[in-house]
There are 2 protein chains.
Amino acid sequence: MPAHDSHPFDAAVALDAAGDGVFRGRTHPLWSNMVGPFGGITAAVMLAAPCRDPRRIGEPLALTVNYAAPVADGEFTVEATPVRTTRTTQHWTMLLRQRDGVAATASAVFAVRRDTWAAHELPMPAVPAADEVPPTLRRAPLAWPERYEFRFVAGPWPELSGTEAGESLTRVWVRDEPPRPLDALSLAAIADVFYPRIFRRRGRFTPIGTVSITTYFHAAAAELAAQGVRPVLGCAQGRRYAGGFFEQNAEVWGDAGVLLASSHQIVYFKE
Amino acid sequence: MPAHDSHPFDAAVALDAAGDGVFRGRTHPLWSNMVGPFGGITAAVMLAAPCRDPRRIGEPLALTVNYAAPVADGEFTVEATPVRTTRTTQHWTMLLRQRDGVAATASAVFAVRRDTWAAHELPMPAVPAADEVPPTLRRAPLAWPERYEFRFVAGPWPELSGTEAGESLTRVWVRDEPPRPLDALSLAAIADVFYPRIFRRRGRFTPIGTVSITTYFHAAAAELAAQGVRPVLGCAQGRRYAGGFFEQNAEVWGDAGVLLASSHQIVYFKE
């Protein structure tokens, strides 16, 4: 395992402070997607800005990222504005800018978690333990999936052979590759590692692009630290597909059966 | 049925143009909640601003509203900024301001829908038709629930007698009261009509407040128009409850079995 500060994830979310709430970053070739960087790493870097701002209080609770235009390879700035602070929450808005304008907008809420009544509504799905599931050989001709180890329990990368499927459920054990202790930033990226559900439904490649993703962080920092470098269980499924857009929902569970995060996204597709 | 322009919903989302992207509105006593207005009407009025801006193209696709502070009774402005327009989407950010600062931030994506491959992932739940389910007598000592007719199929307003429940599922036929033809603005409000899931789980009143809600609009304007004034089926369920926050997910179905919208929210609770 490399030292934390040389991990490719940390390299990709590195930001240089450049004045009140302004941070400079750059895309990282190890995280490239079909066009521009993996959406999950863009989400993580936008969340990183308020996380690194000295005015920030509390831990990430909610993050919405709107992908307004492709992020071009190279430099960008993230402008983070603290809008309002209450006793238990702090609200931020962010803009990711490149030379030709705003590429993404975002909002984040940070929270001071307290000891309260607690419950899960539904248990973690019953699946074999991660070490009983073989890692999948890489299949996508892209850089970013190499940054993760995937152990698919259900719904692996589809064959894209033209056979439609009735549903799109995926269950997969996933961790950073090489291993890296889980934190809210890496969880923000992991919440978006699920291939587009339409690939499985249609059984063929369809040009797509996430329009907007919202991630809710359900675990306190201590719970994330307790998860460490062990794989988390990701579950993802599509919802309605119509008019060139579909919704995709995901849950990320810790291996102790605790819901760490959920994410919801609306995705553009062509044809 | 009153004329469209005198309906209490239209009165509550009425905005006066006050310069580039700036709109003036005011809270409406018929929509008041425990503190300030019903969150769903605040979401609708923030979406109304770009809808009424002459620069807006397309139909609502995604809306995120972050409730940063209670909205005080009285006047407010909504500032709507068109951030980026692509061939198929237009991205906006919004701020709701009152005298003492920003009370809510929001982002919206509008889309030009096209004729594409289409599918549902899961069918609408099998429930009795709306006219086979009696409307519920009002139980909440609040104004805004009177603006809707609720016909509960499952999970009605809980007794708050102290008996905990294992799950929080609600299924309810709902429409504006008095009836009003469905559109994206009224759907944005209906996506938030589900009482806090923690009331059902704990079987007692718990002080709560929505922190952030994201609604995805799955239906084109023509589908909403076809629904007209007939009740829609709302389904809502909670997820993890911990550290003073819980997630609540909802779906709104047209009576023809089409998913009209989904909503996801993270809610603060005390103790």
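Preceding block: the structure.
Residues numbered from 1 in each chain as written. Chains lettered and ligands numbered in written order. Predicted model: local features only at pLDDT ≥ 70, side-chain atom pairs only at ≥ 80, totals over all residues. Heavy atoms only, no water.

### Some words on the overall build of chain A
So the rule is basically this: Here a strand is any run of E in DSSP of at least two residues, a helix any run of H or I of at least four, and the numbering for each starts at the N terminus. Here the globule rule is a power law, 2.2 Å times the number of residues to the power 0.38, and the radius of gyration is based on C-alpha atoms. Accessibility here uses a 1.4 Å probe with only protein chains present; expressed as a share of the type maximum, an area under 20% marks a residue as buried, one over 50% as exposed, and anything in between as partly exposed. The criterion used for residue contact is that any of the two residues' heavy atoms lie within 4.5 Å.
Each helix and strand counted, chain A has 5 helices and 12 strands in total. Here chain A has a C-alpha radius of gyration of 18 Å; the compact-globule value for 271 residues is 18 Å, and the two agree. For chain A, the residues scored as buried account for 59% of the 271 residues in total. Partitioning the intrachain contacts of chain A with sequence separation of at least 6 by distance along the chain shows that 69% fall at a separation of at least 24.

### Overview of the sheet that holds strand β1 (residues 16-17) of chain B
Residue and element names in this part refer to chain B. Definition in use: Between any two strands, at least two bridges found by DSSP are needed for them to pair. In this analysis an axis means a line fitted to C-alpha atoms, helices contributing only their contacting stretch, and an angle means the value between N-to-C directions, from 0 to 180 degrees.
Read across the sheet, 12 strands follow the order β1-β2-β4-β5-β6-β3-β9-β12-β11-β10-β8-β7 without closing on themselves; strand pairing throughout is antiparallel. On the outer flanks of this sheet lie β1 and β7 (148-154), each paired with one strand and no other. Strand direction decides the pairing type here: strand β2 (residues 22-26) and strand β4 (residues 75-85), joined by 5 bridges, are antiparallel. Opposite F23, over in β4, you have V78 as the bridge partner. Contacts between helix α2 (residues 39-52) and the sheet are confined to β2, β3 (59-67), β4, β5 (89-98), β6 (101-111) and β9 (208-217), with β3 contributing the most and set at about 130° to the helix.

### Description of α2(B)
What counts, and what does not: Helices are assigned an expected span. That span is 1.5 Å times one less than the residue count.
For α2(B), with 14 residues, the first-to-last C-alpha span of 20 Å sits near the 20 Å given by 1.5 Å per residue. Across the 14 residues that make up α2(B), a large majority, 13, are buried.

### Quick notes on the relation of the copies chain B and chain A
One copy of the chain maps onto the second through a rotation around an axis plus a translation along that axis. What counts, and what does not: The atoms used to superpose the copies are C-alpha atoms, taken from residues with pLDDT of at least 70 in both, and the fit is least squares.
Once turned by 180° and shifted 0.0 Å along the axis, chain B lies on chain A with an RMSD of 0.0 Å. Taken together, the turn and the small shift mark the pair as related by a two-fold rotation axis. When the interface residues of chain B are mapped onto chain A, 100% of them again lie at the interface, so the same face is used by both copies.

### Observations regarding the interface of chain B and chain A
Selection rule: Computed with a 1.4 Å rolling probe, the buried area is the accessible surface lost when two parts are put together, summed over both parts. Salt bridges, as used here, are contacts in which a Lys or Arg side-chain nitrogen is within 4 Å of a carboxyl oxygen on Asp or Glu. As used in this structure description, the phrase polar contact means that two N or O atoms lie within 3.5 Å; if the pair is within protein, one of them must be able to donate a hydrogen and the other to accept it, and residues adjacent in sequence are counted only when both atoms belong to side chains. Any residue that is not Ala, Val, Leu, Ile, Met, Phe, Trp, Tyr, Cys, Pro, Asp, Glu, Lys or Arg is counted as polar, Gly included; the first ten are nonpolar and the last four charged.
Taken together, the contacts link 71 residues of chain B with 71 residues of chain A. Both sides of the chain B and chain A interface together cover about 5700 Å² of buried area, and 55% of this is carbon and sulfur. The largest contributions to the chain B side of the interface with chain A come from W117(B), E121(B) and R240(B), which together make up 17% of the buried area. In this assembly, chain B and chain A are joined by 8 salt bridges. The shortest N-O distance in the salt bridge between R84(B) and D100(A) comes to 3.5 Å. Here chain B and chain A share 49 residue pairs in polar contact (both at pLDDT 80 or more) between them. Residues of the side of chain B that touches chain A, tallied by class, amount to 30 nonpolar, 25 polar and 16 charged.

### Regarding the environment of L187(A)
Residues and elements named next belong to chain A. Counting through the fold element by element, L187 comes out in helix α3 (residues 184-190). On the basis of relative accessible area, L187 is assigned to the buried category, the value being 0%. The spatial distance from the C-alpha of L187 to the C-alpha of N33 is 18 Å, given a sequence separation of 154 residues.

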